[in-house]
There are 4 protein chains.
Amino acid sequence: MNDDILELCNRLIPQAYVTQGAQARASHENVIKQLLEHRKLPQQGWDDQTIELLLHELAVMDSNNFPGNCGVGERESRLASSLVARRHYRLGHGIGRSGDITAVQPKAAGSSILMKITNCMVMDIIKLSGIKSVKNGFVVPVATGMALVLCMLTLKLKKPEAKYVLWPRIDQKSCFKSIITAGLVPVVIENLLAGDELRTDIAAILKKIQELGANNILCVMSTTSCFAPRAPDKLEEISALCKENDIPHLVNNAYGLQSSKCTHLLQQAARIGRVDAFVQSLDKNFMVPVGGSIIAGFDKDFINEIGKTYPGRASATPSVDLFITLLSLGANGYQQLLDERKEMYAYLASALEKCAGKFGERRLNTKNNPISQGISLNLPDDPKGEKLTEIGSMLFTRFVSGTRVVAPGNDVTISGYMFKNFGSHSNNYPCAYLTAAAAIGMKKNDVDMFIGRLEKVLSKCKSSLEAQRDSSTPNKLEEDS
Amino acid sequence: MNDDILELCNRLIPQAYVTQGAQARASHENVIKQLLEHRKLPQQGWDDQTIELLLHELAVMDSNNFPGNCGVGERESRLASSLVARRHYRLGHGIGRSGDITAVQPKAAGSSILMKITNCMVMDIIKLSGIKSVKNGFVVPVATGMALVLCMLTLKLKKPEAKYVLWPRIDQKSCFKSIITAGLVPVVIENLLAGDELRTDIAAILKKIQELGANNILCVMSTTSCFAPRAPDKLEEISALCKENDIPHLVNNAYGLQSSKCTHLLQQAARIGRVDAFVQSLDKNFMVPVGGSIIAGFDKDFINEIGKTYPGRASATPSVDLFITLLSLGANGYQQLLDERKEMYAYLASALEKCAGKFGERRLNTKNNPISQGISLNLPDDPKGEKLTEIGSMLFTRFVSGTRVVAPGNDVTISGYMFKNFGSHSNNYPCAYLTAAAAIGMKKNDVDMFIGRLEKVLSKCKSSLEAQRDSSTPNKLEEDS
Amino acid sequence: MNDDILELCNRLIPQAYVTQGAQARASHENVIKQLLEHRKLPQQGWDDQTIELLLHELAVMDSNNFPGNCGVGERESRLASSLVARRHYRLGHGIGRSGDITAVQPKAAGSSILMKITNCMVMDIIKLSGIKSVKNGFVVPVATGMALVLCMLTLKLKKPEAKYVLWPRIDQKSCFKSIITAGLVPVVIENLLAGDELRTDIAAILKKIQELGANNILCVMSTTSCFAPRAPDKLEEISALCKENDIPHLVNNAYGLQSSKCTHLLQQAARIGRVDAFVQSLDKNFMVPVGGSIIAGFDKDFINEIGKTYPGRASATPSVDLFITLLSLGANGYQQLLDERKEMYAYLASALEKCAGKFGERRLNTKNNPISQGISLNLPDDPKGEKLTEIGSMLFTRFVSGTRVVAPGNDVTISGYMFKNFGSHSNNYPCAYLTAAAAIGMKKNDVDMFIGRLEKVLSKCKSSLEAQRDSSTPNKLEEDS
Amino acid sequence: MNDDILELCNRLIPQAYVTQGAQARASHENVIKQLLEHRKLPQQGWDDQTIELLLHELAVMDSNNFPGNCGVGERESRLASSLVARRHYRLGHGIGRSGDITAVQPKAAGSSILMKITNCMVMDIIKLSGIKSVKNGFVVPVATGMALVLCMLTLKLKKPEAKYVLWPRIDQKSCFKSIITAGLVPVVIENLLAGDELRTDIAAILKKIQELGANNILCVMSTTSCFAPRAPDKLEEISALCKENDIPHLVNNAYGLQSSKCTHLLQQAARIGRVDAFVQSLDKNFMVPVGGSIIAGFDKDFINEIGKTYPGRASATPSVDLFITLLSLGANGYQQLLDERKEMYAYLASALEKCAGKFGERRLNTKNNPISQGISLNLPDDPKGEKLTEIGSMLFTRFVSGTRVVAPGNDVTISGYMFKNFGSHSNNYPCAYLTAAAAIGMKKNDVDMFIGRLEKVLSKCKSSLEAQRDSSTPNKLEEDS
């Protein structure tokens with residue numbers, strides 16, 4: 001709808017109406033202009049119409065959509081299915097080039113602009129979430145596990161002889177496996193019990209550094225967001241140690257961007273000591289489908305190096321999803337989600353406390369974990385933890401997703417490394433427990449439904465155990481579950 | 001529309017019509033049933049309606065879409081934007097689990113089924129394209145470069161001391177960089193000139209094996225599809241060498257699945273010698289957006305190991321795109337695309353031959369390259385190749401995408417390795433040239449438009465050079481290009 | 001996803017996950033079953049996924065979507081454009097048959113079910129909105145004007161000699177024109193001024209009945225919803241008159257369904273006297289695009305006759321839009337919209353009152369009009385109403401839509417009938433005024449923006465008039481508006 | 001993407017790429033400009049991307065999509081459901097105003113432009129299809145039956161005393177009912193048998209004119225497209241009669257636009273005599289969903305009058321569907337559909353001829369009917385036509401839609417008028433028969449499947465009759481059909 005076209009519209013309908021339509025168009029264009037000029041997440045979210053308008057405009061700039069384009073290369077982004085073309089807004093070239101995942105593609109101006117703008121908004125939202133001094137960051141279209149691999153492979157190029165990764169234990173497979181996949185040797189640092197909480201054993205890290213030699217250590221991989229009763233790692237102490245010993249420090253901030261506690265830890269750690277890169281999941285922090293993450297850091301060049309380590313092109317989908325979602329939410333919308341999440345944490349805490357009390361259990365005191373929380377599960381006559389396991393599956397069949405019931409005795413071997421009592425982040429956590437998280441997007445209704453169903457399950461479970469004690473016969477909780 | 005519902009429909013409209021509607025539904029269900037039963041690419045493509053019906057049904061089976069689900073985990077696949085939800089058919093959980101990218105997710109039955117079925121159809125289509133004895137394969141949601149990294153990292157876990165990768169030179173950055181990214185040492189094997197063609201120097205490979213020692217060599221990475229005048233590698237000889245010397249063999253089959261010559265090479269190589277894995281691009285072979293590839297091989301267990309090396313979950317998008325595209329095409333549709341591509345290759349060859357002749361150039365005789373082809377470009381008074389470069393950009397501004405103009409003198413350093421005359425796969429290819437490819441999805445119209453524009457550009461270029469020779473003044477071809 | 005298919009799923013992924021997916025599917029099916037069984041607007045709105053699921057299921061039952069259907073008729077609902085097919089969910093056969101717009105089509109079981117269910121929900125929502133004793137009603141895919149024509153043509157078939165329609169004046173062209181279009185003779189009944197309000201002149205109606213003879217009068221067409229300062233007609237008195245004199249009574253309830261006052265009038269009128277049919281707009285009451293209306297009444301047979309008067313098939317679009325919208329809102333959602341509207345009426349009233357006061361104007365006291373309200377506009381030096389007109393266009397260019405500025409002196413002739421001071425429902429309303437409506441879907445923000453802009457415009461206008469008075473030179477308010 | 005925005009893009013990615021993207025955008029804009037400038041159906045169809053781009057641009061110009069618009073009217077086109085908004089491309093205001101269905105709406109510049117352009121393309125396509133001298137026409141969002149009513153109501157306004165409509169019998173309910181609905185008196189003119197064909201009885205028309213008096217006759221309603229063995233009416237003779245006697249002539253050209261024979265008849269009739277308006281279905285001629293038609297004619301003013309008779313606004317959906325479809329097809333695409341249809345007619349004719357021969361039947365010689373054709377069905381021992389009826393339902397259950405089996409003895413009363421042997425256009429057509437049509441969009445595959453299934457049904461039917469003759473017991477063809 002350029003001026004020529006508007007002029008022609010004047011011949012079809014009265015000019016005053018065309019003028020007003022043109023003004024409305026100019027309003028849409030203006031927000032687009034603001035975005036491209038300031039490259040910041042807009043304060044106010046956009047309506048879907050403006051978002052789609054921009055996506056269509058960008059698609060028009062990609063060569064596969066050029067009217068009269070003739071493609072004689074091996075990769076021309078022809079799309080065989082119109083369903084596929086439609087769901088990708090006809091953007092097919094992906095992002096990046098052989099040399100750099102943040103590079104611009106000559107064949108895909110639209111996709112390239114989208115990628116650039118998304119990365120700009122990413123910087124903005126990292127700051128908004130509390131990490132004010134971040135210097136560089138980009139969306140990488142792999143989930144956190146592979147993103148951590150990429151970071152370590154980049155570090156490896158700079159420090160080829162180092163092979164150890166010091167890793168304060170967190171019982172989540174992907175991050176552990178990422179060390180193995182990168183061809184490195186994990187050095188597990190067991191956590192210390194502090195009250196109900198599991199905290200980083202800084203002394204043990206120091207000892208390992210001295211034992212293995214800083215030169216042989218590729219990096220320390222610490223963790224912020226994690227399941228209770230583990231707390232986020234003591235990032236400040238770790239980063240200080242890393243700085244002193246000249247050891248890279250990689251932070252797995254998987255779903256930590258949504259918590260001001262986690263981002264505060266990162267901000268402080270970078271101020272005091274050394275943080276080379278921190279990685280976070282797109283789906284867990286921004287409510288988009290699984291498949292992307294953000295690699296960010298405080299040293300512009302190093303983050304660029306990671307981008308350059310990525311060989312070849314990559315999917316634009318995570319960037320497109322984030323682009324749409326951030327524009328749709330705006331800074332206000334995202335801030336509101338963060339605020340609501342914090343409220344839900346408190347609401348869940350009080351509900352769990354009450355619920356636990358009813359059944360003679362207690363909420364674990366894990367005050368440093370801002371997302372995940374747990375209640376004890378003491379089933380006296382359940383030595384093998386069978387009943388405990390059943391609680392998990394009873395919740396699952398009642399459409400409760402995301403709880404974890406952790407019972408002792410679950411020894412697991414991953415890539416040749418044995419973890420005693422896997423799941424509890426510790427060789428000997430004193431009790432069994434159940435965890436639940438207050439993650440972004442959770443609603444009061446989720447908590448209420450969860451607590452209601454949990455109470456039913458616990459009630460059933462406890463009375464079954466009592467019945468069993470009376471009859472001395474083992475007794476499966478639910479035949480049909 | 002179960003039987004109860006159909007019964008209720010009978011009360012609203014005459015039973016005969018309901019019955020017929022139910023029969024129609026049963027037809028759709030029947031093709032779905034066939035798919036799930038035989039797990040093969042259907043012979044006949046499906047219409048979009050049936051595809052979408054199945055996608056909706058699968059989405060219903062994922063926990064984020066359960067009516068009354070309450071999510072209290074850290075990853076519940078809530079989707080903030082309805083635009084995003086819609087474009088993913090409300091599938092948000094991605095594919096895979098921490099342990100294995102081909103593993104089933106309890107929270108995402110629908111996504112898991114989709115992933116499984118897609119991988120089954122992938123096996124089918126690999127066979128259809130000519131690699132009959134393939135044993136295992138899966139979609140991995142990273143492009144070929146990263147997929148090659150993943151293969152090498154897996155090999156590295158099995159052969160941790162080996163660090164060399166023998167690599168018959170192909171001037172494409174991603175595959176070279178994949179070796180670097182994996183933390184390995186590339187050993188470049190220069191190609192031999194045979195007529196116009198560049199062929200694998202088998203003797204040089206053998207010599208390097210003897211020199212470095214088979215134990216120190218992680219693998220040979222060979223290439224099928226490539227830009228002319230390079231030909232696909234001599235896979236049979238390489239795989240025989242690998243077998244004899246017990247060296248893994250990784251094949252970069254980037255866009256080779258579309259060519260029966262490339263797939264025949266792979267099939268033969270596996271029969272005669274050793275091929276551990278071969279990697280191909282989804283976008284280049286199946287006309288979907290960039291972002292996925294297939295890793296496949298002839299040893300079921302080894303391919304499974306690669307799947308298990310992938311740490312954590314991953315994007316379902318490439319699988320969804322391929323799922324839709326393959327169902328939409330059917331075996332017949334894909335076969336037809338392959339046939340048309342072959343015809344286009346011949347059509348392009350004859351058109352290039354004619355065009356070259358008009359300008360005193362000739363089509364390079366690269367009979368072993370089934371996709372890419374080239375014509376010589378001899379511009380006598382253009383010692384620095386400036387005019388040649390300009391030809392490329394003149395074609396670009398005329399909406400011709402995908403040609404490559406290769407002039408001598410372009411020395412490039414990648415990750416510390418210098419490549420003389422980068423782009424030509426050779427330190428000293430005898431002439432400058434221009435390449436074009438007949439890739440899947442190309443239409444006669446593409447060729448005709450391309451040749452028309454090429455002739456205009458060459459004509460402009462040649463007459464400019466003549467004018468220049470006459471006036472002895474340098475002369476830019478196009479001021480405004 | 002019938003049982004056979006689920007059984008096959010069990011071979012791909014663990015049965016427990018399939019079972020849970022099947023349960024989720026059953027939940028969706030259950031709400032669909034409830035809908036078909038009770039044929040009532042669900043209390044709780046459905047999510048988009050369930051709505052689309054049902055639409056896809058219904059489309060599958062239409063013959064144009066039958067796999068293997070061969071169409072050899074002249075109307076097979078082939079759809080040339082996939083964009084069009086998609087936007088209609090592949091439903092193409094429309095609704096109705098030659099004999100009856102509410103009849104079932106053999107070729108289109110799905111569309112027919114959709115039409116039937118929509119009409120059932122329509123009955124429900126009419127009752128919910130206050131007209132409890134409604135007996136029959138259906139969606140007709142024409143807007144209110146044509147729907148009124150259809151009602152009158154049906155009456156005409158029963159009373160072929162009658163040609164007059166008594167019509168208490170309402171200055172809205174469509175309804176007046178509907179009488180003309182139907183080939184009938186409008187008899188305008190001027191309104192009476194009661195305070196600020198214009199009310200029905202019941203005595204004048206009675207007089208006309210006596211004058212023309214009841215047999216010659218096809219019907220009285222009364223109106224509920226209308227622009228202030230007119231009030232809804234005195235439906236009770238009119239319907240009583242109609243009953244006594246055996247004259248049909250047609251009520252134009254265009255946007256009255258959203259107001260409990262209007263629906264109460266209808267309910268009372270039907271109880272006391274005679275209402276043959278009442279017509280309401282879909283877009284104005286249900287926030288769907290323009291194009292449909294509901295014809296309803298208290299005599300099942302007569303409403304059926306209207307349906308049978310419609311010759312041939314018709315668009316399903318209004319039914320589909322209403323189907324989606326009602327399912328999406330649910331009874332709760334619609335009730336909430338009604339409640340919010342009522343609040344907005346009060347909010348707008350108080351804001352207008354305040355605003356009018358600031359400029360020496362007053363809010364008109366039109367307490368019987370539950371939707372539209374007005375403020376006086378006394379511009380002393382504006383005898384021709386030019387400034388007044390300009391106020392309207394100044395608001396328009398400031399993106400205020402929907403206000404009406406009514407100045408005396410606007411005599412309009414429609415189809416040969418002259419209306420003095422058209423727009424004011426009266427030959428001599430005492431003052432100029434501006435109206436605004438609190439219609440369904442209005443938000444507080446709309447009112448606030450409106451009042452803000454109105455104050456700016458009035459302020460500009462008043463000061464311009466003062467300046468003009470001082471300089472004695474006419475002065476256009478805005479050069480560029 | 002105005003110049004300011006492109007300038008900002010230059011700061012994100014190299015200018016050359018932005019320039020090329022801008023050129024591509026300009027190409028899209030250029031086709032849009034051509035459309036608005038010439039207001040003609042483009043020769044070449046547009047791709048979906050350009051169509052959607054234009055639709056989005058138009059939607060932006062409608063007030064309900066203005067950013068910052070505040071709506072205080074009773075009709076602001078707020079859309080409650082995002083599914084509904086999406087399927088209408090956020091166009092909600094419909095088309096037309098109270099005064100005229102082709103009038104521009106101040107609140108809806110975009111919708112108004114769309115409506116105007118669609119009507120321009122309609123004029124173009126009517127000419128393309130053969131009616132070169134058409135002067136005016138527009139899309140009306142009601143199907144043909146109601147469109148005919150509208151035409152007659154408009155005629156009635158001009159000729160209020162006339163009440164008869166002369167109507168050469170065609171056994172299709174909607175058009176007959178349209179006369180009744182319009183409050184008029186149909187005068188049925190029985191057809192004459194000429195060979196196998198039923199033709200217009202011109203003499204009978206003349207006689208009726210003389211009998212009733214031209215002044216009392218509102219119009220003659222003739223028909224082009226119809227089921228065999230009826231032929232299109234003798235339009236030239238009728239129009240000549242109408243001209244001579246000053247009687248309006250309305251032509252029901254329901255699906256005749258797709259046939260050059262029908263359009264030739266119209267063109268000739270207008271040249272020789274009088275045609276006031278002709279009406280055609282959108283769905284039957286343009287492969288869009290049911291719901292719209294085109295009213296066109298040779299007198300600009302009269303067609304405008306019909307547009308002005310329509311009271312109030314109306315659905316934009318038929319216009320939007322036609323807009324998309326025509327742009328998508330282009331003149332070339334539509335012409336190709338017309339050509340294919342003609343081929344299919346011949347193909348169906350030869351297939352029916354062969355099939356009939358096999359069963360001792362014959363193809364009816366109805367050479368003047370260019371779309372529908374029939375074969376005789378002589379079942380000697382089926383006096384009540386029961387077997388014949390069963391043939392129809394057997395075909396229906398075999399997913400053959402659109403055939404008609406016409407047996408004598410089906411007397412039907414419509415609105416009080418009795419039609420002997422309804423369905424056969426005649427009181428005494430000599431034999432039973434089955435018809436099939438070659439309508440636009442039909443594929444060779446439709447014919448082949450139809451003939452295959454027809455042969456099976458006829459074979460089953462004939463052998464059942466033989467068996468019955470042998471056993472002398474009545475015998476239902478199919479128990480379960």
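Residues numbered from 1 in each chain as written. Chains lettered and ligands numbered in written order. Predicted model: local features only at pLDDT ≥ 70, side-chain atom pairs only at ≥ 80, totals over all residues. Heavy atoms only, no water.

- The name recorded for chain A in an unreviewed UniProt entry is O-phosphoseryl-tRNA(Sec) selenium transferase, from Plakobranchus ocellatus.
- Listed in UniProt under the heading Pathway (unreviewed entry), the comment for chain A reads: "Aminoacyl-tRNA biosynthesis; selenocysteinyl-tRNA(Sec) biosynthesis; selenocysteinyl-tRNA(Sec) from L-seryl-tRNA(Sec) (archaeal/eukaryal route): step 2/2." (UniProt positions renumbered as here; feature names shortened; annotations may be inferred.)

**So, the UniProt feature "binding site: substrate" (unreviewed entry) in chain A**
Residues and elements named next belong to chain A.
Item 1. Per the UniProt entry, the sites bearing "binding site: substrate" (unreviewed entry) are Arg-97, Ser-98, Gln-105 and Arg-313 in this numbering. Annotated residues spanning 217 residues; largest pairwise C-alpha distance 9.9 Å, indicating a single compact cluster.
Item 2. In this structure, Arg-97 sits in the loop between α4 (82-87) and α5 (109-128).
Item 3. Setting aside residues no more than four positions away along its own chain, Arg-97 makes contact with Ala-103, Val-104, Gln-105, Pro-106, Gly-312 and Arg-313.
Item 4. If you trace the backbone, Ser-98 turns up in the loop between α4 and α5. (Helix = DSSP H or I, 4+ residues; strand = E, 2+ residues; numbered from the N terminus. Contact = heavy atoms within 4.5 Å.)

**Details of the interface of chain D and chain C**
Item 1. Of the residues lining the interface, 87 residues belong to chain D; the matching set on chain C comes to 86 residues.
Item 2. Three residues, D:Val72, D:Glu74 and D:Arg87, lead the burial of chain D against chain C; their summed loss comes to 12% of the area buried on that side.
Item 3. Where chain D meets chain C, there are four salt bridges.
Item 4. Applying the counting rule to chain D against chain C returns 35 residue pairs in polar contact (both at pLDDT 80 or more).
Item 5. When its residues are assigned to classes, the side of chain D that touches chain C shows 43 nonpolar, 26 polar and 18 charged. (Buried area = accessible area lost by both parts, 1.4 Å probe. Salt bridge = Lys/Arg side-chain N within 4 Å of Asp/Glu carboxyl O. Polar contact = N/O pair within 3.5 Å; in protein donor to acceptor, adjacent residues only side chain to side chain. Nonpolar A, V, L, I, M, F, W, Y, C, P; charged D, E, K, R; others polar.)

**Things to note about the nonpolar core**
In summary, soluble globular proteins display a tendency toward joint burial of nonpolar side chains.
Item 1. Grouped together as the largest cluster of nonpolar side chains are 214 residues, with contacts concentrated most on A:Met152, A:Phe278, A:Ile295, B:Met152, B:Phe278 and B:Ile295.
Item 2. Leaving out residues up to four positions away in the same chain, B:Ile295 has contacts with B:Asn136, B:Gly137, B:Phe138, B:Val140, B:Ala147, B:Leu150, B:Cys151, B:Ala277, B:Phe278, B:Val279, B:Ile303 and B:Ile306.
Item 3. Counting residues in hydrophobic clusters, the runner-up holds 213 residues, among them C:Phe286, D:Ala182, D:Leu329 and D:Phe422. (Core = buried A, V, L, I, M, F, W, Y, C linked by side-chain atoms within 4.5 Å. Buried < 20%, exposed > 50% of the residue type's maximum accessible area, 1.4 Å probe, protein only.)

**Topic: the environment of B:Thr309**
Item 1. Its location among the elements puts B:Thr309 in helix α12 (residues 300-309).
Item 2. Placed 211 residues apart in sequence, B:Thr309 and B:Ser98 show a C-alpha to C-alpha distance of 9.5 Å.
Item 3. Not counting residues up to four positions away in its chain, the partners in contact with B:Thr309 are A:Lys177, A:Thr181, B:Thr154 and B:Leu157.

**Some points on the UniProt feature "binding site: tRNA" (unreviewed entry) in chain A**
All names here are of chain A.
Item 1. In the numbering used here, UniProt assigns the "binding site: tRNA" (unreviewed entry) feature to Arg-271 and Arg-398. Spanning 128 residues, the annotated positions stay apart in the fold, the maximum distance between their C-alpha atoms being 46.1 Å.
Item 2. The residue Arg-271 is located in helix α10 (residues 260-272) in this model.
Item 3. Along the chain, the position of Arg-398 falls in the loop between α14 (386-397) and β12 (400-401).

**Observations concerning the environment of A:Ala80**
Item 1. Positionally, A:Ala80 belongs in the loop between β1 (70-71) and α4.
Item 2. Residues within four places of A:Ala80 in sequence aside, it is in contact with B:Phe286, B:Met287 and B:Thr325.

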